[in-house]
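# Breakdown of the fold
Residue-level listing of the chains:
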Amino acid sequence: MELIEILLSLPIWVDIGVSLFIFIFFLVLRKLFTKYVFKIILKIAKKSPTSFFTNIFIAFEKPLRWFFVFLGLYLAIVTLPYEHGYEELIIQIYRTLIIILITTGLYNLTAASSFLFENIGNRIHVEVDKILIPFLSKVLRFIVVALSLSVIAREWEFDINGFVAGLGLGGLALAFAAQEMIEDFFGGFIIMTEKPFTKGDWIKTKDVEGIVEEINFRSTRIRAFRQALVTVPNSTLANTAILNWSKMGKRQISFHLGVTLNTPKNKLHTFIKKIEELLRNHPEIDQETIFVHFDGFNKSSLDIFLYFFTKTTVWGEYLKVKEDINLKILGITQTEGISIAFPSRSIYIESKPKSKEDTTVELQN
């Protein structure tokens, strides 16, 4: 009893010292958690078959550190045996800080580099590219922050119904005013999900042809071959036919080769067979589809139809293969004595038979 009376008779600074001791204790506990406990939990989480728990612990690492600080501060304050009328306010502040910590963890979890987007791509077998990931991350982070602000506002007994209703009416008016922008936005979303093309692709539409340099949610920038930069609204691209040359597995070569009309049948047959043999043995020609046939009679030539594909789709390499084929075909024409036809016209002049009067005059002379 005497000890209790002595403690109760101690001055106010003893109570303050106890509160400081509680606060310092939680600071030390925070240090131990960061240095030892968290590392042990992280090692255990890494042994799991998925990275789900590991990413969650990493995202909530800093909020957990601050949780110890806020918990120690709260306990230190409520431990003081004095009533100041601020108890409810302290509890509100503490609950608000906890909401902020949870929001911070969820905000970190929805980062563009998060495992969430990788798992989404693996589950639905869709490659979520570098353009779509930042957008989804921003959308999720906006939702997290908006919900957090809503919860905090309710915690402090603010009426947000009128504010939300005002946002709804304002959003409707804004939607009507920015209809084209919204169409471009959804057009960009379609392009990024369906992926008819991506950065670096060579595409062609009815209005533009070139290399895609940048894709965002309002427009797509295409570098034309004359080096002009063309900006096309995504709503236009989403509603037009797009020819993506970069997605070709092979590249077509097709043309007619005309030889002179007086080419003998056996020479023409041998010439066709040698061209086909050339294509069948060429390492840069795709062997799946090769056609070399006598196609028909033209006004000044016998036409041979050639239809085949190169393995490469790169423009420069394609031109080199095409040149090599043309030169070798030219060599076959020289070897076989075949003449390439060119547009020509034959003119036949008929001589009229001489009359009897003309014959008599010639005899008299």
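Description of the structure in this document. Worth saying up front: this structure is predicted, and the values here are computed from it rather than measured.

### Examining the packing of helix α11 (residues 265-281) against helix α12 (residues 315-336)
Relative orientation of the contacting elements α11 and α12 amounts to 150°, with a least axis distance of 10 Å. Considering the angle they form, α11 stands roughly antiparallel to α12. Crossing hand, α11 versus α12: right-handed. Contacts between α11 and α12 involve K267, T270, F271, K274, I275, L278 and L279 from the first element and I325, K328, I329, I332, T333 and E336 from the second. Looking at side-chain class alone, the contact of α11 with α12 contains seven nonpolar, two polar and four charged residues.

### Quick look at the pattern of salt bridges
What the rule picks out here adds up to ten salt bridges. Ionic pairing is found between K247 and D201, a salt bridge with its closest N-O pair at 4.0 Å. Here K247 is found in the loop between β5 (243-244) and β6 (251-259), whereas its partner D201 is found in the loop between α9 (179-194) and β1 (202-204), with 46 residues between them in sequence. We classify D201 as buried; its relative accessible area is 8%. For D286, the salt bridge identified is with K250, shortest N-O distance 3.3 Å. One end of the pair, D286, is in strand β7 (residues 285-297); the other, K250, is in the loop between β5 and β6, and 36 residues separate them in sequence. On the basis of relative accessible area, D286 is assigned to the buried category, the value being 16%.

### Examining the packing of aromatic side chains
Scanning all chains against the criterion turns up twelve aromatic pairs. Summarising the aromatic geometry, the rings of F67 and F68 are spaced 6.1 Å apart at their centres and angled 70° between planes, so their arrangement reads as edge-to-face. By relative accessible area, which is 14% here, F68 ends up buried. Aromatic rings pair up to connect W202, F225, W245, W315 and Y318 into one cluster.

### Thoughts on the side chain of T220
Looking at the secondary structure, you find T220 in strand β3 (residues 219-224). Here N234 takes part through its side chain, which lies 2.7 Å from a polar atom of the side chain of T220. What T220 contacts, discounting residues up to four positions off in sequence, is I191, F197, V212, E214, I215, V230, T231, V232, N234 and L237.

### Comments concerning helix α4 (residues 61-79)
In this model, α4 (19 residues) spans 27 Å end to end at C-alpha, consistent with the 27 Å of a helix rising 1.5 Å per residue. Taken residue by residue, α4 has P63, F68, V69, F70, L71, G72 and A76 as its buried positions.

### Digging into the pairing of β7
Across eight bridges, β7 lies against strand β8 (residues 302-310) in antiparallel orientation. Following the sheet pairing, V292 is matched in β8 by L306. Taken together, β7 and the strand that follows it, β8, pair antiparallel across an intervening segment of four residues.

### Brief notes about the sheet that holds β6
Sheet strands pair via backbone hydrogen bonds, and the direction of the pair is either parallel or antiparallel. With antiparallel pairing, three strands are arranged side by side in an open sheet as β6-β8-β7. Among the strands making up the open sheet, the edge pair consists of β6 and β7. Pairs of neighbouring strands in the sheet enclose a mean axial angle of 15°, with direction left out of account. On top of the sheet, α11 reaches β6, β7 and β8; it is set at about 165° to β7, its chief contact.

### Here we look at helix α5 (residues 87-109)
Under the 1.5 Å per step criterion, the end-to-end length of α5 is 33 Å for 23 residues, consistent within 8% with the ideal 33 Å. Every buried residue belonging to α5 is among Y94, T96, I99, L101, T103, G105 and L109, and all of these are buried.

### Let's talk about the sheet that holds strand β4 (residues 229-233)
Read from one edge of the open sheet, five strands run β4-β3-β2-β1-β5, paired in antiparallel fashion. Single-partner strands in this sheet number two, and they are β4 and β5. In this structure, β1 lies alongside strand β2 (residues 209-215), joined through three bridges in antiparallel fashion. Residue pairing across strands places W202 opposite I211, the latter belonging to β2.

### Things to note about the side chain of D201
Reaching out from D201, the side chain makes a polar contact with the backbone nitrogen of T198 at a distance of 3.0 Å. Side chain to side chain, D201 and N244 meet in a polar contact 3.1 Å long. In contact with D201, other than residues within four places in its own chain, are G210, I211, V212, N244, S246 and K247.

### Details of a nonpolar patch on the surface
Judged by side-chain polarity, I16, L20, I24, V28, L32, Y36, V37, I40 and I44 come together as a nonpolar surface patch covering roughly 840 Å² of accessible area. Position of L20 relative to the elements: it lies in helix α2 (residues 12-46). We classify L20 as partly exposed; its relative accessible area is 48%.

### With respect to the environment of I340
Along the chain, the position of I340 falls in the loop between α12 and α13 (356-364). For I340, a relative accessible area of 37% translates into the label partly exposed. Remark: the alpha-carbon pair of I340 and L257, spanning 83 residues in sequence, is separated by 7.8 Å. Residues contacting I340, with those up to four places away along its chain left out, are L257, G258, V259, T260 and T333.

Definitions and limits used
Residues numbered from 1 in each chain as written. Predicted model: local features only at pLDDT ≥ 70, side-chain atom pairs only at ≥ 80, totals over all residues. Heavy atoms only, no water. Axes fitted to C-alpha atoms, helices over the stretch in contact; angles between N-to-C directions. Helix = DSSP H or I, 4+ residues; strand = E, 2+ residues; numbered from the N terminus. Parallel < 35°, antiparallel > 145°, perpendicular 65-115°, else oblique. Left-handed = near helix turned anticlockwise from the far one by under 90°. Contact = heavy atoms within 4.5 Å. Nonpolar A, V, L, I, M, F, W, Y, C, P; charged D, E, K, R; others polar. Salt bridge = Lys/Arg side-chain N within 4 Å of Asp/Glu carboxyl O. Buried < 20%, exposed > 50% of the residue type's maximum accessible area, 1.4 Å probe, protein only. Phe/Tyr/Trp six-rings, centres within 6.5 Å; stacked < 30°, edge-to-face > 60°. Polar contact = N/O pair within 3.5 Å; in protein donor to acceptor, adjacent residues only side chain to side chain. Expected span 1.5 Å × (residues − 1). Pairing = 2+ DSSP bridges. Patch = residues over 30% accessible without salt bridge, like charges linked within 9 Å, V, L, I, M, F, W, Y side chains within 5 Å. Areas by Shrake-Rupley, 256 points an atom, 1.4 Å probe, with all protein chains shown as cover.

The quantities given are spatial measurements derived from coordinates; they are silent on function.
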